[in-house]
Amino acid sequence: EDQVTQSPEALRLQEGESSSLNCSYTVSGLRGLFWYRQDPGKGPEFLFTLYSAGEEKEKERLKATLTKKESFLHITAPKPEDSATYLCAVNRGGSEKLVFGKGTKLTVNP
Amino acid sequence: GAVVSQHPSWVICKSGTSVKIECRSLDFQATTMFWYRQFPKQSLMLMATSNEGSKATYEQGVEKDKFLINHASLTLSTLTVTSAHPEDSSFYICSARFAGGGRTQYFGPGTRLLVL
C-alpha cells in the first residue's frame, strides 16, 4: 500500500530562518511526487512535480528535491506570507490517484 | 494557467435536501476530474475519479447513490450530495488534470457544505 509520511507535523520559524520539510514515501513504481501549498479554507495550490531521484525544482524561496525514499521542501529566508500547510502527494504507475500525506503546518513569525 | 473554479464556495442546507457543486476547468480541457473531501485538520481523501462521458470510479467506502458525479464535458464536472445529512458536512474540493500535464492535478478553491 502506498504511504506518505510528512514531518514535522508543525513547524514554527522566525522570518529569515531557513529550514526543510520532509516527505517520506513508500510507493511501487513512482510516477510523480507533488508538493502543494494549502491556505486555511482554500484548495491546494500546486507548487512542484518531481519525477525521478536527483531532480530538483525551485520557485522563489522554495526548492524541492527528490531521492528514492523521500523528498525535501527547502524554504530559504521565509517570510510570514509563506505560512501555510504544505502537502506532499505521490502517484504510482497504473493509477490516477494521488496519495496525500497529512501535511506540515508552517508558521513564520515576523 | 491551469485554473479550476468551484461553485458555490459555501452552502448551507437542511437535512434531507440535495446539493449540487460545480467544478470547472477555466483555461484547459480536463481529461480527468477528481473529487475530494477534507475534514478539519485532516488531509484530502479522494472520493471519486471521473472522465468525460463515462461513469465515475468511486473509492471504497464512498456511496455512489449518495454522491452523484456527472462529468458532462471536458470542462465541467458536478457533484450532487443527495439527501444530505449533518455528517456530510465537510469541505469538498475538486481537481483536474489535462493531457500533456502528466499526473499533476490542479485544484479548485473548495466548497464548504454545512448541513443543518
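Structural data are supplied above this passage.
Right, let's walk through the structure included here. Please read these numbers as outputs of a predicted model, since none were measured by experiment.

1. Remarks on the overall build of chain A
For step 1, the next point in the chain: A count of helical and extended segments in chain A gives zero helices and 11 strands.
For step 2, the next point in the chain: Going residue by residue from the N terminus, the α and β elements of chain A occur as β-β-β-β-β-β-β-β-β-β-β.
For step 3, the next point in the chain: The C-alpha atoms of chain A give 13 Å as radius of gyration, which agrees with the globular expectation for 110 residues (13 Å, within 12%).
For step 4, the next point in the chain: A principal-axis box enclosing the C-alpha atoms of chain A has dimensions of 45 × 30 × 20 Å.
For step 5, the next point in the chain: Of all intrachain contacts in chain A linking residues separated by at least 6 positions in sequence, the fraction that spans at least 24 positions is 55%.
For step 6, the next point in the chain: Summed over all atoms, the accessible surface of chain A reaches about 5,600 Å², with 46% contributed by carbon and sulfur.
For step 7, the next point in the chain: With 15 positive and 15 negative side-chain charges, chain A shows a separation of 3 Å between the mean positions of the two kinds.

2. A few points about the interface of chain B and chain A
For step 1, the next point in the chain: Contacts between the two partners involve 22 residues from chain B, matched on the other side by 22 residues from chain A.
For step 2, the next point in the chain: Summing both sides of the interface, chain B and chain A together bury roughly 1,600 Å²; the carbon and sulfur share of this comes to 51%.
For step 3, the next point in the chain: Considering only the side of chain B, the residues that lose the most area to chain A are Ser-43, Arg-103 and Phe-107 of chain B, jointly responsible for 36% of the buried surface there.
For step 4, the next point in the chain: Linking chain B to chain A there are two salt bridges.
For step 5, the next point in the chain: Its salt-bridge partner being Glu-59 of chain B, residue Lys-97 of chain A comes within 2.8 Å of it at the nearest N-O pair.
For step 6, the next point in the chain: Where chain B meets chain A, there are nine residue pairs in polar contact (both at pLDDT 80 or more).
For step 7, the next point in the chain: Going through the elements one at a time, β4 (32–38), β5 (45–51), β9 (90–97) and β10 (106–107) of chain B are the ones with two or more residues in the side of chain B that touches chain A.
For step 8, the next point in the chain: The dominant element in the side of chain B that touches chain A, judged by the number of residues it contributes, is β4 of chain B, at four residues.
For step 9, the next point in the chain: Residue composition of the side of chain B that touches chain A, by class: nine nonpolar, nine polar and four charged.

3. Focus: the packing of aromatic side chains
For step 1, the next point in the chain: In total, this model carries 11 aromatic pairs over all chains according to the counting rule given.
For step 2, the next point in the chain: Ring plane angle 90° and centroid distance 5.1 Å describe the contact between Tyr-36 of chain A and Phe-107 of chain B, whose orientation is recorded as edge-to-face. Of the two residues, Tyr-36 of chain A sits in strand β4 (residues 30–38) while Phe-107 of chain B sits in strand β10, which places them in two different chains.
For step 3, the next point in the chain: On the basis of relative accessibility, which here comes to 0%, the residue Tyr-36 of chain A falls in the buried class.
For step 4, the next point in the chain: Ring geometry for Phe-100 of chain A against Phe-107 of chain B: centres 6.0 Å apart, planes inclined by 70°, an arrangement best described as edge-to-face. Of the two residues, Phe-100 of chain A is situated in strand β10 (residues 99–100) and Phe-107 of chain B in strand β10; the pairing between them involves two chains. Residue Phe-100 of chain A shares its accessibility class with Phe-107 of chain B, and that shared class is buried.

4. Some points on the sheet that holds strand β6 (residues 56–59) of chain A
Residue and element names in this part refer to chain A.
For step 1, the next point in the chain: Pairing is antiparallel in the open sheet, where five strands are placed in the order β1-β3-β8-β7-β6. Edge positions in the open sheet fall to β1 (3–7) and β6, since each of these has one partner strand only. When strand polarity is set aside, the average angle formed by the axes of neighbouring strands in this sheet is 15°.
For step 2, the next point in the chain: For β6 and strand β7 (residues 62–66), the ladder comprises four bridges, and the chain directions are antiparallel. Note that in β7 the partner of Lys-59 across the bridge is Leu-62.

5. Focus on the sheet that holds strand β3 (residues 19–25) of chain B
Residues and elements named next belong to chain B.
For step 1, the next point in the chain: On the basis of which strands lie adjacent, the open sheet formed by four strands has the order β1-β3-β8-β7 and antiparallel pairing. Lying at the two open borders of the sheet, with one neighbouring strand each, are β1 (4–7) and β7 (67–73). Put simply, the sheet's adjacent strands are angled 15° from each other on average, direction ignored.

Calculation notes
Note on numbering: residues in each chain are counted from 1, in written sequence order. To label them, take the chains in the order written and letter them from A, then take the ligands in the order written and number them from 1. Restriction of local features to residues with pLDDT of at least 70 applies here, the model being predicted, together with a cutoff of 80 or more for giving and counting side-chain atom pairs; totals for whole chains, interfaces and linings are based on all residues. Remark: hydrogens and water are excluded; side-chain values derive from all non-hydrogen atoms of the structure. Helix and strand definitions follow DSSP, with helices as H or I runs of at least four residues and strands as E runs of at least two, each counted in order from the N terminus. Our radius of gyration looks at C-alpha atoms and nothing else; its globule reference is 2.2 Å times the residue count to the power 0.38. Should any heavy atoms of two residues lie within 4.5 Å, those residues are considered in contact. The method behind every accessible area is Shrake-Rupley, applied with a 1.4 Å probe, and residues are considered shielded solely by the protein chains displayed. Only four residue types enter the tally: Lys and Arg on the positive side, Asp and Glu on the negative side; His and the chain ends are excluded. Lys charges are placed at NZ, Arg charges at CZ, Asp charges at CG and Glu charges at CD. Note: buried area is the sum, over both parts, of the accessible area (probe 1.4 Å) each one loses when the two are combined. Within this document, salt bridges are pairs made up of a side-chain nitrogen of Lys or Arg and a carboxyl oxygen of Asp or Glu, the two lying within 4 Å of each other. Polar contacts here mean pairs of N or O atoms no more than 3.5 Å apart (in protein, one a potential hydrogen donor and the other a potential acceptor; neighbouring residues in sequence count only if both atoms are side-chain atoms). Each residue gets one label: Ala, Val, Leu, Ile, Met, Phe, Trp, Tyr, Cys and Pro are nonpolar, Asp, Glu, Lys and Arg are charged, and the others, such as Gly, are polar. Centres within 6.5 Å make a pair out of two Phe, Tyr or Trp rings, where for Trp the six-membered ring is used; the pair is then stacked when the planes are under 30 degrees apart, edge-to-face when over 60, and tilted otherwise. Think of it in three bands: with a 1.4 Å probe and only protein chains considered, a residue is buried below 20% of the maximum accessible area for its type, exposed above 50%, and partly exposed in between. Strands were regarded as paired on the criterion that DSSP finds at least two bridges between them. Every axis in this analysis is a line fitted to C-alpha atoms, fitted for helices over the stretch in contact. Angles between the N-to-C directions lie between 0 and 180 degrees.

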